[in-house]
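Close look at the chain arrangement
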Amino acid sequence: MAELGHDVLGIDVDASKLSKLEAGDLPFYEPGLEEVLRRNVASGKLRFSSSYDDAASWADVHFIGVGTPQKKGEHAADLQYVHGVVDRLAPLLVESAVIVGKSTVPVGTAHELGVRARALSPAGTAVEVAWNPEFLREGFAVQDTLRPDRLVLGLDVENPGVAESVVRNVYSSLIEDGIPFIVTDLATAELVKVSANAFLATKISFINAISELCDVAGADVTVLADAIGIDERIGRKFLNAGVGFGGGCLPKDIRAFMARAGELGADKALAFLREVDNINMGRRTRMVELVRKECGSLVGARVAVLGAAFKPNSDDVRDSPALNIAGQIQLQGATVTVYDPKAMENSRAIFPTLDYATSAREACSGADVVLVLTEWKEFAELRPSILDPLVRRKLIIDGRNCLDPSVWRSCGWQYRGMGRP
Ligand code: UDX
């Protein structure tokens with residue numbers, strides 16, 4: 001927002017994050033974001049505070065960007081943080097104000113928050129709630145924010161006000177550049193976001209199911225994906241077979257979507273997403289079984305795991321297939337050494353019992369099998385000659401189909417991909 005030219009005050013309840021941000025340090029890894037942060041902190045356009053009073057008295061528009069994780073032991077989304085923001089902010093809003101939600105929420109939440117905000121605020125009906133879902137991808141957050149492929153704005157049609165003109169003004173430079181700006185009602189805006197993620201998850205599980213067929217038929221899913229992807233109606237993106245999707249969005253969003261559909265009495269409509277989830281989780285087990293089969297037994301096997309983040313160019317290990325597989329293999333008796341270029345600290349925090357190496361070479365030293373579970377460029381560019389003198393056995397399993405099998409085989413390695421002969 002500051003980069004788009006606005007004066008921004010970032011509010012957070014976590015004092016350690018605030019002090020890092022104020023010093024220009026990001027509390028997570030995201031390519032290109034630190035430069036944007038530093039530039040705007042230095043110019044004074046971006047400031048941080050823990051005070052809701054500062055936010056309420058100073059801002060014209062309040063964006064909510066807090067998390068909506070999966071509830072413990074349930075599929076539904078945990079809305080406590082979104083509610084927490086409205087409950088603290090609304091009583092402080094004494095004049096007309098626009099609250100714009102960016103968090104991914106179950107359909108119906110924005111309407112409910114509007115009712116709640118108006119009831120809590122001294123400004124009453126002069127407080128508006130609109131929804132502006134966020135579509136950015138981790139690893140491309142800066143690019144996706146400054147050059148999004150579309151903007152969606154949901155408005156409360158029962159309480160029309162100034163929200164549309166306020167948000168149009170916030171994004172005026174993007175709208176002038178021709179980025180599609182879709183204005184709709186609150187429910188549609190909420191559903192756009194979860195439908196987009198459900199579609200992406202379905203596409204990945206589709207190709208992973210086909211890859212299992214390729215395995216039994218001796219076909220190559222990577223060539224198949226290239227061939228079907230040329231058809232513009234299908235498209236090549238999100239057709240990479242492997243150990244499946246993870247992260248803080250796709251897995252929990254499809255589950256919360258199913259849970260909400262159930263609450264609304266439409267659970268049958270989304271029953272297919274259960275299968276999407278099952279196919280996806282099955283990919284992790286499949287990788288563990290593949291390693292067991294190739295090693296004979298997991299007990300005593302020395303396994304090098306390259307990659308811990310849920311995708312490259314991120315240090316995010318939430319629901320990461322890579323770390324989940326590493327953990328399962330270790331729990332079944334293998335010695336597992338993990339290396340990831342950026343996600344080591346986060347991995348250690350949630351999986352302290354795994355061994356961690358400081359480089360790919362160190363992780364592979366003495367290994368009976370090397371697993372590539374996150375397609376970092378560094379791993380895709382690995383050459384067999386680098387690992388040849390280090391490993392105990394020349395066996396590599398490519399959980400992301402990101403290596404060239406012929407390169408490894410021609411150097412005497414046994415190569416196994418997923419859905420590739
Ligand atoms: C996703 C959506 O893409 C984004 O629009 C939304 O705003 C947030 O959720 P993100 O969580 O950053 O973004 O990850 P994404 O790039 O979608 O990848 C999700 C997972 O799918 C990763 O684990 C990735 O490795 C996996 N994936 C992706 C595949 O297994 N195959 C593919 O072809 C593509």
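Residues numbered from 1 in each chain as written. Predicted model: local features only at pLDDT ≥ 70, side-chain atom pairs only at ≥ 80, totals over all residues. Heavy atoms only, no water.

Time to look at the overall build of the protein chain. Across its full length, the protein chain holds 18 helices and 13 strands. Taken against the 2.2 N^0.38 rule, which gives 22 Å for 421 residues, the C-alpha radius of gyration of the protein chain at 24 Å falls within 12% of a compact globule. Taken along the three principal axes of its C-alpha coordinates, the protein chain extends 70 × 50 × 40 Å. Residues classed as buried in the protein chain amount to 48% of the 421 residues present. In the protein chain, the share of contacts with a sequence separation of at least 24, taken over all contacts with a separation of at least 6, comes to 71%. (Helix = DSSP H or I, 4+ residues; strand = E, 2+ residues; numbered from the N terminus. Rg over C-alpha atoms; globule rule 2.2 N^0.38 Å. Buried < 20%, exposed > 50% of the residue type's maximum accessible area, 1.4 Å probe, protein only. Contact = heavy atoms within 4.5 Å.)

Bringing the domain arrangement of the protein chain into the picture now. If you check the domain split of the protein chain, you get domain 1 (8-186), domain 2 (193-276) and domain 3 (284-416). Of the residues lining the interface, 6 residues belong to domain 1; the matching set on domain 3 comes to 9 residues. Of the roughly 620 Å² buried at the junction of domain 1 and domain 3 (both faces included), carbon and sulfur atoms supply 50%. Of all residues in domain 1, the largest losses of buried area upon contact with domain 3 belong to Tyr 29, Glu 138 and Gly 139, amounting jointly to 81% of the total for that side. (Domains from an automatic or database assignment. Buried area = accessible area lost by both parts, 1.4 Å probe.)

Once that is clear, we can look at the site of the ligand. Residues in contact with the ligand amount to 20 residues; listed here are only the nearest, Leu 136, Glu 138, Asn 240, Phe 310 and Lys 311. Within the backbone of Glu 134, one N or O atom sits 3.5 Å away from an oxygen atom of the ligand. A distance of 2.8 Å is found between an oxygen atom of the ligand and a backbone nitrogen or oxygen belonging to Leu 136. Top contributing element to the shell around the ligand by residue count: helix α9 (residues 186-217), with 4 residues. (Near = heavy atom within 4 Å. Polar contact = N/O pair within 3.5 Å; in protein donor to acceptor, adjacent residues only side chain to side chain.)

Now for the pattern of salt bridges. Counted according to the given criterion, the structure contains 29 salt bridges. Across the pair Arg 168 and Glu 164 runs a salt bridge whose closest N-O atoms are separated by 3.0 Å. Taken together, the residues span about one helical turn, with Arg 168 and Glu 164 both in helix α7 (residues 163-170) at a distance of 4 residues. A salt bridge links Arg 236 to Asp 226, with the nearest nitrogen and oxygen atoms 2.7 Å apart. On the criterion of sequence distance, the pair formed by Arg 236 in the loop between α10 (221-229) and α11 (250-263) and Asp 226 in helix α10 is long-range, its members being 10 residues apart. Since its relative accessible area comes to 41%, Asp 226 is described here as partly exposed. (Salt bridge = Lys/Arg side-chain N within 4 Å of Asp/Glu carboxyl O.)

Another aspect to go through is empty space enclosed by the protein. Space left empty within the atom packing is revealed by a probe, the size of a water molecule, rolled over the atoms. For the structure shown, the criterion picks out 1 cavity of 30 Å³ or more. Secondary structure elements with two or more residues in the lining of the largest cavity: α9 and α11. No other element matches the 5 residues that α11 contributes to the lining of the largest cavity. The residue makeup of the lining of the largest cavity includes at least three contributed by each of domain 1 (8-186) and domain 2 (193-276). (1 Å grid on protein atoms, 1.4 Å probe; cavity = no way out; pocket = protein on both sides within 12 Å on 5 of 7 lines; lining within 4 Å. Points joined across faces, edges and corners; volume = space filled by probe spheres on them.)

A few words now on the pairing of strand β6 (residues 151-155). Regular strands place side chains that alternate from one sheet face to the opposite one. In terms of burial, β6 is largely enclosed, as 5 of its 5 residues are buried. Residues Leu 151, Leu 153 and Leu 155 of β6 are buried on one face, and the alternating residues Val 152 and Gly 154, pointing to the opposite face, are buried as well. Relative to strand β7 (residues 181-185), β6 runs parallel, the two being bridged by 5 bridges. Looking at β7, one finds that Leu 151 is bridged to Phe 181. (Pairing = 2+ DSSP bridges.)

Before going further, it helps to examine the packing of α9 against helix α12 (residues 271-295). Contact geometry for α9 and α12: axes closest at 9 Å, N-to-C directions at 50°. Here α9 lies oblique to α12, going by the angle between them. The crossing of α9 and α12 is left-handed. Contact with α9, carried on its side by Ala 198, Ala 201, Thr 202, Ser 205, Asn 208, Ala 209, Ser 211, Glu 212 and Asp 215, involves Phe 272, Leu 273, Val 276, Ile 279, Asn 280, Arg 283 and Arg 286 of α12 and no other residues of that element. Of the residues in the contact of α9 with α12, the class split is 7 nonpolar, 5 polar and 4 charged. (Axes fitted to C-alpha atoms, helices over the stretch in contact; angles between N-to-C directions. Parallel < 35°, antiparallel > 145°, perpendicular 65-115°, else oblique. Left-handed = near helix turned anticlockwise from the far one by under 90°. Nonpolar A, V, L, I, M, F, W, Y, C, P; charged D, E, K, R; others polar.)

Attention shifts here to the sheet that holds strand β8 (residues 302-306). Read from one edge of the open sheet, 6 strands run β10-β9-β8-β11-β12-β13, paired in parallel fashion. Both edges of this open sheet fall to β10 (355-356) and β13 (414-416), since each of them pairs with a single strand only. Alignment of strand β11 (residues 369-372) against strand β12 (residues 395-398), held across 3 bridges, turns out to be parallel. Pairing of Val 370 across the sheet is with Ile 396, part of β12. Along the sheet face, α12 touches β8, β11, β12 and β13 and points at about 165° away from the line of β12. The sheet strands contacting helix α13 (residues 321-331) are β8, β9 (335-339), β10 and β11, and the helix crosses β9 at an angle near 160°.

Our next topic: the state of the cysteines. Applying the stated criterion to the full structure yields 0 disulfides. You can see Cys 214 has no disulfide; the closest cysteine sulfur is in Cys 402, sitting 18 Å from it. Just so you know, Cys 364 is unpaired, no disulfide at all, and the nearest cysteine sulfur is the one on Cys 402, 13 Å from it. (Disulfide = S-S within 2.5 Å.)

Here we come to unusual backbone geometry. Even without a glycine there, the phi angle at Phe 238 is positive, about 65°. Tracing the backbone shows Phe 238 in the loop between α10 and α11. By relative accessible area, Phe 238 is classed as partly exposed at 35%. Unlike most non-glycine residues, Asn 401 shows phi in positive territory, near 45°. For Asn 401, the position within the fold is in the loop between β12 and α18 (405-410). Taking relative accessible area as the criterion, Asn 401 reaches 13% and is therefore assigned buried.

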